[in-house]
Amino acid sequence: MSAQKGGWVSSLVFLLFCASSIPKCGSASLQQEPSPQHYFSGLEAGKTSLAFFTPSVSPGAQPFLEQIESSAEVLKDYGISVVKVNCPKEDVSRYCGKENALRKAFLFRGNRLIREFPTDALFDVNSIVANILFALLFNEVKYVETLADLENIENVLKGKSNMVFAYVPATGTAEHRAVMEAAFVYGTIHQFVLTTEAALLKATSHDDPDVSSAWLLFCHCQQVTEPAQPCRRTALAQPLTLLSIHRHLKLMGAPLVTEVAEDPEKISTVHLQLGLPLVFILSQKETYEADRRTAEFVAWQLLGKAGVALLSRDLVELNVLHRSNVALKTPEEGMPIQYLVLEDTDEVITLVEDKNKVKQIQEDEQEEEEDEDEKENNNQDIQDDQVVEAVSRDKKRELPLEQILVLTEENFHSSLSEAARTVVLFYASWEAVSLAVLRSYSEVAAHLKGTLGVLLSRVNCWDWPGLCSQENVTQFPTIKIYKEGQQSVTYDGMWGTEELSSFILLSQVPCPLKLTTMDEAEGYLRGEIPSELSSHHHTSLLGVFSTDTSKAREAFEEAGNILSGHVRMGMYFEDDALALSRKYSVSPPALLLARSGGRSVEGIALSKHSVQDMVQMIRYELLDIFPEITVSNLPQYLQLGKPFLILFSAGNISQMERKEMLKLAKGRPQQAFVACWLNLKKTPVGHGILRTYFSTTPPLPVLLWVNLHAGGQVFKFPSEQSITEMNILSWLEKLQAGLEIPSSTLSEEDWKPPLPAYDFLQMMEPSVPELSPQPGKTPDPPKIPGGDTARGGGDTASREEPSQESTAEEFGSPGRDLRGTAPRLAARDKQGKRHSEL
């Protein structure tokens, strides 16, 4: 605050100085001397005086005498006395002779003559003050005629001080006087350079300047560090006056960018004091360096027109939209700060130069907001905003992101070499799904803390759209894993903490992992190898190959590359491979599937050797026999295109129910349908599914047959019967014979995703291809009311919609289109709307 007061005081002093420079009529500052001898005997060392000698007052000299008397008061402020010396008639000395008397004026410092001026060059107050000060300030103000002279002075000043270069069409003008008076005040701070050469002015400008007007350029030479680097130049945009020069030099002396860590309403800078606006660039810790460079670029463009400040969101609590990136404070009292969303630096500059731009931007934003509100209202029955709601509800909770490295354009490529594998989350800080995934990602970072060879990092595509485009990120959020010397792998699974952690851990080890001894193979099936995965429970899949099964082995290796990060795969092809496979009642080529830490190992013969068939078979074999349906695994079972025999439970199912359902699933008819169960406590969207089927939730547990792919009929197992294998098989036979009446029938309309962003199955298709039945297991399915053999993988109401809701609520959608959003678009800070569950 003291610095601000000092600025006001210096400005006030300067204004008083300017006011004192206004000539006054009837000045009493003109001194009279009776004779030259009397004048010269009274001269003091260091004192400056302007003397003119006159034998008598002639009518022709009267205009000059009036002007010299008017200038006496002004020159007095600069320590220059104006003296009229009377020459006796008989005096014909140098100063009183006819050739000098009233034809010349003489400038003395002490008794030393500095310069003599023809009186016709001192034709008014401006010419008198300008020429006298020009003569006195011969060290402070250099006169140049050529571009080479100007550049020589610039080269000397580089790294030392700044230069003020002025062009005036002629000396003795009001503009010339203003430059000289400014040089008198600032000459010890800046080097002043003057020219009257129009050709030199044109040589220093890229445009075609008006040589009939005076110009002033501030040359920023002090900050130049290299001899070959030119000095930046900032032109004075106002007419050249003493006051405008003072204002310009004050602005040039102010900090280029002011860093603000307090309420912007309380900020006052020299720009605001001088009637100019102040532009705030809103910054945050992660993007400080880039924001600082942006602020400096804008400051150079607006130098002399507006101030620029860097406002940290991390240090100042701002109650504004998160997407706001620029604020404008005007010098008018009582005017609120305007927070805006601008697309690029050109808009910031236009904002200052065009006063109507602020109003236009605000009107555009208001219109855009109204359009989006109307669109949201029109779609409120189909939009899923539970993610937005969850993020909004928890927005004040700070995420623990210390374990996640922030990447920018500067450190991105160098950081990729810091670890064996670098995991990068590409996200948009304003988008709800991105923030929900960031929450899961922070949990993954905590879960994997201390894991060797893995570095978790993130890139905010709002701040670095160019980097995200360079890395081919067309959806966000997107996760990629980078390994030195290899192509990056894009994660295409669900966004839950468990799924992400599993993918990152599995990506650490080769897929397939080559085992060299029987002991290693047995340890692998028990989950002990590799050691980095020993504490994590994954189903292990081991391919066993003999020396004469090279084609199947190559297909298995290629399948491992495709499934890397998703499956734990090993490969054994040593001489004793036959003995290992026969231990599990199969012959090479074969798969050994170990569940539950090796307590159950199943041998499966490999009858098809193409990569496509191998991938499909592996995915199929990894499916649980009697799975619990969740949001994350529902798409895998929908892709099978089979009817669902699903047991809805209010919690975990009983031991007896699990035993009976497993017996059913392992029996011959399991190829015809998917036997599964759904825990309503873990997957509450199941309540909505049941309400769709029955209007109200029936007593639990309830067993249903749902043929989603043919007819959409829903059959309910009789509640009075116990859930046993025999009872269920008997019931299924009645369904086949058409003796049961469906409890409900789903609509035949095409159940497409309500919005493209919610087509989760489509997004997951690359990672979950349609699966064919297991090789060698192709029994005919029983005929069920509503259709024949299930058709491939169509979307249906009861399956599609629940997966959307739960996915959005718990994990976030796999991605939103990045094109056209960063950096212009941003999410509104609104409360999400709910809609009825289905």
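Higher on the page you've got the structure.
Given the structure is predicted, the values throughout are model-derived calculations rather than measurements.

J.: Please clarify how the packing of aromatic side chains should be interpreted in this entry.
T.: Note on aromatic pairs: each is described by the distance of the centres and the angle between the planes. Counting across every chain of the model gives 16 aromatic pairs. When the ring of phenylalanine 53 is compared with that of phenylalanine 106, the centres are 5.8 Å apart and the planes differ by 70 degrees; the resulting orientation is edge-to-face. Within this pair, whereas phenylalanine 53 is found in strand β2 (residues 48-54), its partner phenylalanine 106 is found in strand β4 (residues 104-109), the two being separated by 53 residues in sequence. For the pair phenylalanine 53 and phenylalanine 106, a shared accessibility class is recorded, and that class is buried. Seen from their ring centres, phenylalanine 673 and tryptophan 705 are 5.4 Å apart, and the 65 degrees between their planes marks the pair as edge-to-face.

J.: What exactly am I supposed to notice about the pairing of strand β7 (residues 163-167) here?
T.: The side chains of a regular strand alternate between the sheet's two faces. A large share of β7 lies buried, amounting to 5 of its 5 residues. Of the two faces of β7, both are covered, the one formed by Met163, Phe165 and Tyr167 as well as the one formed by Val164 and Ala166. Examined bridge by bridge, β7 and strand β8 (residues 191-195) share 5 bridges and lie parallel to one another. Residue pairing for β8: alanine 166 is matched across the bridge by leucine 194. Considered for its hand, the β-α-β crossover made up of β7, helix α6 (residues 174-186) and β8 is right-handed. Relative to strand β9 (residues 215-220), β7 runs antiparallel, the two sharing 5 bridges. Residue pairing across strands places valine 164 opposite phenylalanine 218, the latter belonging to β9.

J.: Would you mind going over the pattern of salt bridges with me for this structure?
T.: A pair can form between side chains of opposite charge whenever their charged atoms are brought close. A full pass over the atoms with the stated rule returns 13 salt bridges. Put simply, glutamate 725 and lysine 663 hold a salt bridge, and the shortest N to O gap is 3.8 Å. Here lysine 663 lies in helix α23 (residues 655-666) and glutamate 725 lies in helix α25 (residues 725-736), a separation of 62 residues in the sequence. Note on lysine 663: relative accessible area 37%, which makes it partly exposed. A network of salt bridges, in which partner residues are shared, links Glu259, Arg292 and Glu296.

J.: I tried to follow the environment of serine 283 on my own but got confused; where do I start?
T.: Within the secondary structure, serine 283 is located in strand β12 (residues 278-283). Under the relative-accessibility criterion, serine 283 is labelled buried at 3%. Between the C-alpha atom of serine 283 and that of leucine 311, which follows or precedes it by 28 residues, the distance is 5.8 Å. When residues no more than four places from it in sequence are discounted, the contact partners of serine 283 are Tyr288, Asp291, Leu310, Leu311, Ser312 and Arg313.

J.: Would you mind going over the state of the cysteines with me for this structure?
T.: Simply put, disulfide is the name for a covalent bond between the sulfur atoms of two cysteines. Within the structure shown, the criterion is met by 3 disulfides. In this model, cysteine 221 is linked to cysteine 231 through a disulfide, with the two sulfur atoms separated by 2.3 Å. Linking cysteine 221 and cysteine 231, the disulfide has an S-S dihedral of approximately 120 degrees and is accordingly described as right-handed. Here cysteine 231 lies in the loop between β9 and β10 (232-235) and cysteine 221 lies in the loop between β9 and β10, a separation of 10 residues in the sequence.

What counts, and at which threshold
- Residues numbered from 1 in each chain as written.
- Predicted model: local features only at pLDDT ≥ 70, side-chain atom pairs only at ≥ 80, totals over all residues.
- Heavy atoms only, no water.
- Phe/Tyr/Trp six-rings, centres within 6.5 Å; stacked < 30°, edge-to-face > 60°.
- Helix = DSSP H or I, 4+ residues; strand = E, 2+ residues; numbered from the N terminus.
- Buried < 20%, exposed > 50% of the residue type's maximum accessible area, 1.4 Å probe, protein only.
- Pairing = 2+ DSSP bridges.
- Right-handed = clockwise from strand over helix to strand, strands pointing away.
- Salt bridge = Lys/Arg side-chain N within 4 Å of Asp/Glu carboxyl O.
- Contact = heavy atoms within 4.5 Å.
- Disulfide = S-S within 2.5 Å.

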